[in-house]
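Overview (structure and organization)
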Amino acid sequence: MESKRAKLAKKKAFLEGVHAVLTKSAYESAAHARRRAAVIAKAGGTCTMEPTDETNVVLCSETTTKAEAMERIKQGKDLGGKPPPEAAHWVTTAWLTECVKAKTFIPYDCFTVRSGAPAPVGESGSSAAETGSPSRQPLRHRSSSASSTSSQRSALQHINSNGDYFPASGSPSRTTSNDNNPARALDVGPMSSTLTVNDTHPRSSEQTALISTAGAATHATAAATEPSASASASASASASASQPSSATQSPAALVARSQRVVGTSPEEIELPPAWEAIYHCYNCGAKDHGARTCPLPPRGTPENTYVPGFPGARKRVSREWMCARSHGHRKDRQGAGPNDLIISNLEKLHDTYADYGTWLHQLKASNLHTALAFIRRMKEPITTYEQARRIPKVGNETAKKIDEILSTGTLQRLEAFDTPEKRAQHEFSQIYGVGTATAKQFVAKGFRTIQDLLDNQHELTERQRIGVRLHQELQERIPRTEVDRMVAHVKHVVLSIEPGCIFEACGSYRRGKKTCGDVDVLISHRDKRVLDTLFKRVIDALHDDGFLTHDLARSEGESTQYKYMGIGKLKDASFHRRVDIIVVPWEEWPCAILYFTGSGAFNRSMRLLARKMGWSLSQHTINYGVVRDRKEKDKKLGDGSVIPVKSEHDVFALLALKYRPPWERNA
DNA sequence: GGACAAACCTCG
DNA sequence: CGAGGT
DNA sequence: GTCC
Ligand SMILES: Cc1cn([C@H]2C[C@H](O)[C@@H](COP(=O)(O)OP(=O)(O)OP(=O)(O)O)O2)c(=O)[nH]c1=O
Ligand SMILES: [Mg+2]
């Protein structure tokens, strides 16, 4: 903790000086500024911003001096070689980061030139702007009563061929109804929690890449094409899933219902005043509602061309983005498919890629994964190299491999991997807490079986010891009925400790999967002060009643969010199960529930989209004006500014995405 | 030849 | 910081 | 590895 304070002191001291590594993206274009001014005016706010072509802010990091930065500009390395005007304000990333950490909203126009420190102002040009308020404006919570939002709805249960639970009826995706509405009270155990029923979900085939290539599909005669795009494509249409991916249509055949222990999350959260001041509908710009209840059609369509004023905002998003499409549950194929041999071999190849643990092989793996998604949807057998080449993401290398499988039945590459060492390495890497690197080390040490590890537990970290001991049990996926009971139990404990909590079981459970790898629980409370004790009391209570049996990791308040990772077991259950519990501050709820609902691939796609806009989406907030190092892509120089959101719908609207309910996020 | 490439977290 | 995790 |  001391080092942390020291760091903070250093940062504060630094703010006095001017140092910089420059990046170009820290200011908005004149076009953006003008559009933004118009939007704000339309929304009834006033805008103090002066549209300008000039750089009015220079974002800095701690590593170089202003002189060095100017030198870089002269050399053409930054800002396109154009020095910023004298009046430009130099801001350190530390300053910016601190403002964001302090939850002070910094809209772009606060950067208009001033002497002294720039004052963060509300976008609506409200009081904060005039007062030239101090740069750090603490976040205050509005203590209003809980919104209870459940409307009753008739229930019907249906399970698809895979056993996944689906929601039903024909309302559009961007529905205004709560995804969490309880429809039918259903006793799932001693705690009598309820199960709920949700909205429509027509299934579509899955697409696994973050960005997929849709165009090439038309050339692949047998390859499945993008479902919605292929509706009119003659021959290949039959190969694709017969369902449209758009959730606005509701084929009666696949209507089904999603059912789960109901959470207590509100449809929209209340924002702190400073955020409420700049909040507006990101689907139309109006001040009096959010995107969730916007009467207009989703933006990005011809009927609604609105674009939010934040620099980088998109007009629309192409269907190539995974998060822009509906991804229902993966369908179990009944009986044998025409390309099963190829698929099983390529799947094994895919697994060997994952065992490398390098970027390149990660890339190869994801490529192959996409190709496999197309191959799985094919109805005709692949018989030639040329035919394989026409499948999207199948290039020369993969086609050669398919050819080899066709002629020999196997792959040389795979045979070479079928050694005791590689098998052991793969098995070790399945253990919780053991990854590619440690698995390799274990093999190098001469270990070959799980028993070897059990006999040498002194070589393991605490997590790995638990992982090894419970390895068999943790391999099992959890039947949904058991998750129901686990969630009901946790919910009961949480709400008896603090009735004002909001609670939601997320992850694959919220997405309606038939079985879950673990239980993901998200909790929040309006009062920030209770979060810390709430977290501890919940974990303690769940330990005391014997539910939690092992701890794997628990946060100690370093972040605004508390995360517990551990293992629990119901008394009458056969196996120990992984349990994750996250406690988040109230205003981070929308981004947190979006994150925790996943899927992981869906999150990555959405986050990549945000990144491409010069924004950043995390489990905390969605930010614009993020400054990233142009060379080292992972280095973030400035956090940018928080865009306040009240619901998941708002995040979708900001990214120009149609809202996807949880069961359409199964990538 | 480059783009592709999530963004966080804890542990040791 | 690397490794492993969500 | 694939796509442009
Ligand atoms: C693993 C992983 C999860 N997440 C998010 C999305 C997930 O839904 C959420 C919970 O993680 P998980 O519990 O690992 O995933 P899951 O619940 O979707 O599936 P499973 O049935 O295996 O439990 O965390 C990421 O953002 N990135 C990741 O790499
Ligand atoms: Mg899960």
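Just above sits the structure.
Everything numeric in this text was worked out from a predicted model, so none of it was measured.

**Side note on the site of ligand 1**
Residues in contact with ligand 1 amount to 15 residues; listed here are only the nearest, Ser508, Arg511, Gly517, Asp518 and Asn603. The contact in question runs from an oxygen atom of ligand 1 to an N or O atom on the backbone of Gly517, over 2.8 Å. A distance of 2.6 Å separates an oxygen atom of ligand 1 from a polar side-chain atom of Asp518. Notes on ligand 1: free accessible area 550 Å², of which the protein chains cover 65%. Within the residue set of the shell around ligand 1, elements represented by two or more residues are α18 (507-510), α20 (589-597) and α21 (600-612). Residue contributions to the shell around ligand 1 peak at three residues, all from α20. A breakdown of the residues in the shell around ligand 1 according to their chemical character gives three nonpolar, eight polar and four charged.

**Here's the deal with the pattern of salt bridges**
In the structure shown here, the tally under the stated rule is 21 salt bridges. Its salt-bridge partner being Asp418, residue Arg423 comes within 2.5 Å of it at the nearest N-O pair. Accessibility expressed as a relative area gives 48% for Arg423, which makes it partly exposed. Three or more residues joined by partner-sharing salt bridges are found here, namely Glu267, Glu268 and Arg292.

**Comments concerning the sheet that holds strand β12 (residues 616-617)**
Pairing in this open sheet of three strands is antiparallel, and the strands run β12-β13-β16 from one edge to the other. One side of each edge strand has no neighbouring strand; the edge strands of this open sheet are β12 and β16 (641-643). Pairing analysis gives two bridges linking β12 to strand β13 (residues 622-624), with the strands arranged antiparallel. Residue pairing across strands places Leu617 opposite Ile622, the latter belonging to β13.

**Notes on the sheet that holds strand β6 (residues 502-505)**
Ordered by their spatial adjacency, five strands build an open sheet running β6-β8-β11-β10-β9, and the pairing between neighbours is mixed. Two strands bound the open sheet, and with one partner strand each, they are β6 and β9 (548-554). On average, each strand axis in the sheet is inclined to that of its neighbour by 20 degrees, with strand direction left out of account. In the sheet, β9 pairs with strand β10 (residues 562-568) via five bridges, with the strands oriented antiparallel. Bridge assignment links His550 to a residue of β10, and that residue is Ile567. Across the sheet, α20 is in contact with β6, β8 (519-525), β10 and β11 (577-585); its angle to β8 comes to roughly 180 degrees.

The rules behind the values
Residues numbered from 1 in each chain as written. Chains lettered and ligands numbered in written order. Predicted model: local features only at pLDDT ≥ 70, side-chain atom pairs only at ≥ 80, totals over all residues. Heavy atoms only, no water. Near = heavy atom within 4 Å. Polar contact = N/O pair within 3.5 Å; in protein donor to acceptor, adjacent residues only side chain to side chain. Areas by Shrake-Rupley, 256 points an atom, 1.4 Å probe, with all protein chains shown as cover. Helix = DSSP H or I, 4+ residues; strand = E, 2+ residues; numbered from the N terminus. Nonpolar A, V, L, I, M, F, W, Y, C, P; charged D, E, K, R; others polar. Salt bridge = Lys/Arg side-chain N within 4 Å of Asp/Glu carboxyl O. Buried < 20%, exposed > 50% of the residue type's maximum accessible area, 1.4 Å probe, protein only. Pairing = 2+ DSSP bridges. Axes fitted to C-alpha atoms, helices over the stretch in contact; angles between N-to-C directions. Contact = heavy atoms within 4.5 Å.

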